[in-house]
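Results of the structural survey
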Amino acid sequence: MSVYAVEYVYEPGSEEGRSENRADHRALLASLTDIENVKLVASGPYTDGSGALLLFAAASEDKLRDVLAQDPFNRLGFVKNLRVTEWEPVTGELSQYA
């Protein structure tokens, strides 16, 4: 397993669409509990509304990207930029995922 930091930068003017689809977005994230493939570790929006940070434990970046493609926020074009970076948490509470 590797840990990945995913950054969403939201498309300007997408607030209404995100609000309408937030329940489906969060339901998908809540379903990601499979430690063998993709598990959501933490997620949340930036307080300025510009995007969000999501942390995952995943078997591979490809598997993670497959899941991210299913996110309504991505499917419906609310994410302007998506960045996936492998991350190694060496200390703290998240180090158990590395």
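Rules used throughout
- Residues numbered from 1 in each chain as written.
- Predicted model: local features only at pLDDT ≥ 70, side-chain atom pairs only at ≥ 80, totals over all residues.
- Heavy atoms only, no water.
- Helix = DSSP H or I, 4+ residues; strand = E, 2+ residues; numbered from the N terminus.
- Buried < 20%, exposed > 50% of the residue type's maximum accessible area, 1.4 Å probe, protein only.
- Contact = heavy atoms within 4.5 Å.
- Pairing = 2+ DSSP bridges.
- Axes fitted to C-alpha atoms, helices over the stretch in contact; angles between N-to-C directions.
- Arc of directions from axis to C-beta.

**So, the side chain of Asn 21**
Assignment of secondary structure puts Asn 21 in helix α1 (residues 15-30). Classification of Asn 21 as buried rests on a relative accessible area of 16%. If we skip the residues at most four places from it in the chain, Asn 21 touches Pro 72, Phe 73, Leu 76 and Phe 78.

**Brief notes about the sheet that holds strand β3 (residues 38-45)**
Here we have 5 strands laid out as an open sheet, ordered β2-β3-β4-β1-β5, and antiparallel in their pairing. Whereas interior strands pair on both sides, the edge strands pair on one side only; in this sheet they are β2 (33-34) and β5 (79-87). Bridge count between β3 and strand β4 (residues 51-58): 7 bridges; the pairing is antiparallel. Bridge pairing in β4 places Lys 39 opposite Ala 57. Here helix α2 (residues 61-70) sits on the sheet in contact with β1 (2-10), β3, β4 and β5, set at roughly 155° to β5.

**A closer look at α2**
Turning to α2, its buried residues number three or more, namely Leu 64, Val 67 and Leu 68. On an axial view of α2, the arc spanned by its buried residues comes to 100°, and they lie on one face. Those residues of α2 that are exposed and angled more than 90 degrees off the buried face are Asp 62 and Asp 66. On the buried face of α2, the contacting elements are β1, α1, β3, β4, α3 (72-75) and β5.

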